[in-house]
Amino acid sequence: AITFSTRQAAWASHLDQQIGSLRPGLAADMVVLDRDPFASGPEGVLDTKVVATIVNGRVVAGGPGRSPG
């Protein structure tokens, strides 16, 4: 699900040279989670919390001294 909503969605929109993965030179919007969603299995996904949200390389919610929103 994560691959299809990121890398594959960018490829399908012909934007894979601008977005879709964390690589130097690409625009990146992302969230920082409190745990590895792949390690906890499907049951743990519902308990995962967002610690920070980053849009265009800027922390817009969460992070040091900020509320996760």
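Given the structure is predicted, the values throughout are model-derived calculations rather than measurements.

Examining the confidence of the model for the chain
Stage number 1. Confidence in the prediction for the chain averages 81 pLDDT; 90% of positions are at 70 or higher.
Stage number 2. The weakest mean pLDDT in the chain belongs to helix 1 (residues 2-5) at 72; the strongest belongs to strand 2 (residues 50-55) at 89.

Description of the sheet that holds strand 3 (residues 58-62)
Stage number 1. On the basis of which strands lie adjacent, the open sheet formed by 3 strands has the order 1-2-3 and antiparallel pairing. Each having just a single partner strand, strand 1 (30-33) and strand 3 make up the two edges of the open sheet. Pairs of neighbouring strands in the sheet enclose a mean axial angle of 25°, with direction left out of account.
Stage number 2. Of the strand pairs in this sheet, strand 2 and strand 3 are connected by 4 bridges, and their pairing is antiparallel. Paired with V55 across the strands is R58, a residue of strand 3.

Considerations on the pattern of salt bridges
Stage number 1. Considering all chains together, one arrives at 1 salt bridge under this definition.
Stage number 2. Its salt-bridge partner being R35, residue D34 comes within 3.2 Å of it at the nearest N-O pair.

Rules used in this analysis
Residues numbered from 1 in each chain as written. Predicted model: local features only at pLDDT ≥ 70, side-chain atom pairs only at ≥ 80, totals over all residues. Heavy atoms only, no water. pLDDT = per-residue confidence, 0-100. Helix = DSSP H or I, 4+ residues; strand = E, 2+ residues; numbered from the N terminus. Pairing = 2+ DSSP bridges. Axes fitted to C-alpha atoms, helices over the stretch in contact; angles between N-to-C directions. Salt bridge = Lys/Arg side-chain N within 4 Å of Asp/Glu carboxyl O.

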